[in-house]
Amino acid sequence: MAAVDPLSLLREYTVNRREIKERGSQVIFDNTSFPKKAKTNYAIYRTGKEPKDFYTLEALLFLLKNVSLSHPLYVQKAVSEDIPVVRLPDRRTLLRYLGGQIDTSASIDKGAHLELGLPTTDGGSLSSRICI
């Protein structure tokens, strides 16, 4: 089995409208799981001298689940649930990438350290399911 990163899987599942499951602090893609806090290789928009950082799987998944909200309402909801916010300059391109309208983004760092998923043993049967 080839190593797969969380951003690639999230995009694949979003494009193909496959079910993404959550259990506690884990996000499950069929037989592969990642911690919600796993960093993706999608760089966070920054200004000035901020150090380079990357969105977590949890932040991207939360955006997808709340895509219908205006950005200010999305930010309020994310902050109230203590979930990192996808910044407005990243939102449109990120959603287009995850939705398959574009093939890549300048914000994707191919050289970034990627957290690899772990195999699940129960086939991903969970109580919380997300269909995007």
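Given the structure is predicted, the values throughout are model-derived calculations rather than measurements. (Residues numbered from 1 in each chain as written. Predicted model: local features only at pLDDT ≥ 70, side-chain atom pairs only at ≥ 80, totals over all residues. Heavy atoms only, no water.)

> Explain the environment of Gly99 here, please?
Within the secondary structure layout, Gly99 lies in the loop between helix 4 (88–98) and strand 6 (118–119). Relative accessible area serves as the criterion here: at 28%, Gly99 is assigned to the partly exposed category. (Helix = DSSP H or I, 4+ residues; strand = E, 2+ residues; numbered from the N terminus. Buried < 20%, exposed > 50% of the residue type's maximum accessible area, 1.4 Å probe, protein only.)

> How should unusual backbone geometry be read in this particular structure?
Despite not being glycine, Asp30 shows a phi value in the positive range, around 50°. Assignment of secondary structure puts Asp30 in the loop between strand 2 (26–29) and strand 3 (32–35). Asp30 gets classed as partly exposed once you look at its relative accessible area, which sits at 29%. Although it is not a glycine, Asp82 sits at a positive phi angle of roughly 55°.

> I'm lost on the packing of aromatic side chains in this one. Help?
Aromatic ring pairs are described here by two measures, namely the spacing of the ring centres and the angle between the planes. Summed over all chains, the structure comprises 4 aromatic pairs. Centroid distance Phe29 to Phe34: 6.1 Å. Interplanar angle 80°. Geometry classified as edge-to-face. Note on accessibility: Phe29 and Phe34 belong to one class, buried. When the ring of Tyr42 is compared with that of Tyr55, the centres are 6.2 Å apart and the planes differ by 35°; the resulting orientation is tilted. In this pair, Tyr42 sits in strand 4 (residues 39–43) while Tyr55 sits in strand 5 (residues 54–56), placing the two residues 13 residues apart along the sequence. The pair formed by Tyr42 and Tyr55 is uniform in burial state, with each residue classed as buried. By way of ring pairs, the aromatic residues Tyr13, Phe29 and Phe34 are connected into one cluster. (Phe/Tyr/Trp six-rings, centres within 6.5 Å; stacked < 30°, edge-to-face > 60°.)

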